[in-house]
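Survey of secondary and tertiary structure
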Amino acid sequence: MANPTSDKTILRALAGEEQATPPIWMMRQAGRYLPEYKATRAKAGDFLSLCYNPELATEVTLQPIRRFGFDGAILFADILLVPQALGADLWFVTGEGPRLSTITGEAELAQLRSVDDIHETLSPIYQTVRNLRQELPKETTLIGFAGAPWTVATYMIAGKGTPDQGPAHALKGTHPAVFDALIERITEATIEYLSAQIDAGAEVVKLFDSWAGSLKGPDFQRYALEPTRQIIAALKLRHPETPIIAFPRQAGDNYIGFHEATGADCVAVDDSVTADWVAKHVQPGGCVQGNLASRHMVTGGEELVSETQHIVRTLRGGPHIFNLGHGITPDADPANVQLMIDTVRGA
Ligand code: CP3
């Protein structure tokens, strides 16, 4: 549990405090909808060079804090740096997304590097965290993150993003031992990576399980819930004071009981569930984060205002961190972000 007397509003929410005005930050708040991000990215050359350049990664993390005064700053990096640190090839194709070497069987699994070796690749990220703790305003909470094992595995197996995570589901069926060993390797790497982020100064960490919604029945328990539980248990042993946010995106009914089953201090919810449902079924378990639909950052107007007010008012009866239901998109208008913040703080 976080310190309830902290003057950081995100840490207060994570310690279980209800606040009339919830703290707010936004997934992908440093990104292509901001002209200053595009300028810094151009200076870095490409996206991965930006991630591994502590000075420029610090700069883009700070940009949305300067412009909007969010209560939280999320470390600028990517969930696919862990596969790269484990030895996968990684590159980004402009306009398309990530590409990686694939894992289709025992041979490729055997070529991965050991978990002890990941820090060699990831040390610039820890330097970014240290820089940020020096430079952030005292009221801003620094959030570190990693991908959850299932989501990371879907990219490592397919070598790219896929609409239905088909290749990962297929490997799970045809080569269960390889699949389980991969999940285990990513789980161990994620524990070491997040622990190093906390040692460097991350005050909260978040696990992104963006594709958790494609795991059904016992698969959800085994590959979304269980690795998350293991990562949280290991981190709580080493860093009992550091709160953890879990985001099993599109989990639906599987959001119910997720706090208790995993030990997460906060469960982030996407916008496929309503705030009313979340207040009734998820918030009794602890702090929730979410869940305005990202499209409002493109469309704005009265609908943005009324939907934002509804979420704030509906989740006011328990601990809540305001956020979008998923990342902001490049076609968003920064003026709509400001309107969302003003609405949250005036509701
Ligand atoms: O501002 C922040 O939220 C912090 C930084 C952050 C990025 N990626 C930067 C980024 C975070 C937390 C992520 C997480 C991430 N990365 C996830 C989980 C969350 C989610 O969105 O579901 C996933 C699945 C990835 C993998 C990834 N990275 C994809 C599929 C893509 C391409 C899609 C796209 O938007 O282009 C990326 C690239 C990426 N990661 C960008 C940013 C700002 C855009 C890269 C660019 O500048 O061209």
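Scroll up to find the structure.
Presented here is an overview of the structure given in this document. (Residues numbered from 1 in each chain as written. Predicted model: local features only at pLDDT ≥ 70, side-chain atom pairs only at ≥ 80, totals over all residues. Heavy atoms only, no water.)

1. Here we look at the side chain of Thr140
Turning to its location among the elements, Thr140 is positioned in the loop between helix H7 (118-135) and strand E4 (141-147). Not counting residues within four places of it along the chain, the set of residues in contact with Thr140 comprises Lys8, Ile65, Phe70, Asp71, Gly72, Ala73 and Glu203. (Helix = DSSP H or I, 4+ residues; strand = E, 2+ residues; numbered from the N terminus. Contact = heavy atoms within 4.5 Å.)

2. A word on the site of the ligand
Arg28, Arg32, Tyr37, Arg41 and Ser210 are the nearest of the 23 residues found near the ligand. One nitrogen or oxygen atom from the main chain of Ala30 is found 3.4 Å from an oxygen atom belonging to the ligand. With respect to the ligand, the side chain of Ser210 contributes an N or O atom lying 2.5 Å from an oxygen atom. Burial of the ligand by the protein chains amounts to 87% of its free accessible area of 860 Å². Among the elements of the structure, helix H2 (35-44) and strand E3 (97-100) are those that each provide at least two residues to the shell around the ligand. Per-class residue counts for the shell around the ligand are 15 nonpolar, four polar and four charged. (Near = heavy atom within 4 Å. Polar contact = N/O pair within 3.5 Å; in protein donor to acceptor, adjacent residues only side chain to side chain. Areas by Shrake-Rupley, 256 points an atom, 1.4 Å probe, with all protein chains shown as cover. Nonpolar A, V, L, I, M, F, W, Y, C, P; charged D, E, K, R; others polar.)

3. Focus on the environment of Asp180
With respect to the secondary-structure elements, Asp180 resides in helix H10 (residues 176-200). Looking at Asp180, the relative accessible area reads 26%, which means it is partly exposed. For the pair Asp180 and Asp7, spaced 173 residues apart in sequence, the C-alpha separation works out to 42 Å. Filtering out sequence-adjacent residues up to four positions away, Asp180 remains in contact with Arg222 and Tyr223. Within the structure, Asp180 has its side chain in polar contact with the side chain of Arg222 (distance 2.7 Å). (Buried < 20%, exposed > 50% of the residue type's maximum accessible area, 1.4 Å probe, protein only.)

By themselves these figures say nothing about function.
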